[in-house]
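One-letter residues, chain by chain:
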Amino acid sequence: MAMPISCSAFRRTALVLALVAGGLPAFAQESTNQSTNQSTNQSATQIASNQPAGEVVLIPSRVIYPGETIELAALKQVTLIPGKHKPDAMATRAEELQGKIAKRTLLPGRYIPTAAIREAWLVEQGAAVQVFFIAGGLTISATAVTLQPGSAGDLIKVRNSDSGKILSGTVMADGTIQVSAS
């Protein structure tokens, strides 16, 4: 006599199958690396299903740890099943990910939230930097020590090396800090 399968046994089996399947999002297929094969496969998919091929996204192929620079070699392409779309606030394109820094652990086969990555620091905490105040034709420069790290465009605090006064300024693309009148 056959015994009915309990709900918890069914869930355990489904979980094991999901883990064995490689941890990819349930609605993605791994893409091939060869562009000719990829376009041929996508054309065949379009003809067979009469639907456009899915969106190609990047996900980690290995664990990426906090503070690690994200390189394209650590990512793999997957093609979403037609009709499925990536969730909002997820970074899935090379230009969104290349050279960024992971703020938290990024797991293989999972989307990368935009909140989990940041730009690389342009100035590190404790670094000596040039601080500029510019008003019209007047330019005042001084040396300061950064009290926090920052990327281009970030507002950070610095301590003037001569006076000890703490100032807030914007990190410029060249690594200098520009302060404004407050």
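Heads up: the structure comes first, above all this text.
Residues numbered from 1 in each chain as written. Predicted model: local features only at pLDDT ≥ 70, side-chain atom pairs only at ≥ 80, totals over all residues. Heavy atoms only, no water.

Describing the pattern of salt bridges
Here comes step 1: One pass over the full model with this rule turns up four salt bridges.
Here comes step 2: Here Glu-68 ties to Arg-62 by a salt bridge, and the two come within 2.7 Å at their closest N and O atoms.
Here comes step 3: We classify Glu-68 as partly exposed; its relative accessible area is 21%.
Here comes step 4: For Glu-119, the salt bridge is made with Lys-100, and the minimal N-O distance between the two is 3.0 Å. Pair noted here: Glu-119 is in the loop between strand 7 (117–118) and strand 8 (128–135) and Lys-100 is in the loop between helix 3 (94–97) and strand 5 (101–102), with a separation of 19 residues, a long-range link. (Salt bridge = Lys/Arg side-chain N within 4 Å of Asp/Glu carboxyl O. Buried < 20%, exposed > 50% of the residue type's maximum accessible area, 1.4 Å probe, protein only. Helix = DSSP H or I, 4+ residues; strand = E, 2+ residues; numbered from the N terminus.)

Some thoughts on the sheet that holds strand 12 (residues 177–179)
Here comes step 1: Taken in spatial order, the five strands of this closed barrel run 8-9-10-11-12, and their pairing is mixed. Between one strand axis and the next, the sheet turns through 50° on average, direction left out of account.
Here comes step 2: Note: strand 8 against strand 9 (residues 138–146), eight bridges, orientation antiparallel. Counterpart to Gln-130 in the pairing with strand 9 is Thr-143. (Pairing = 2+ DSSP bridges. Axes fitted to C-alpha atoms, helices over the stretch in contact; angles between N-to-C directions.)

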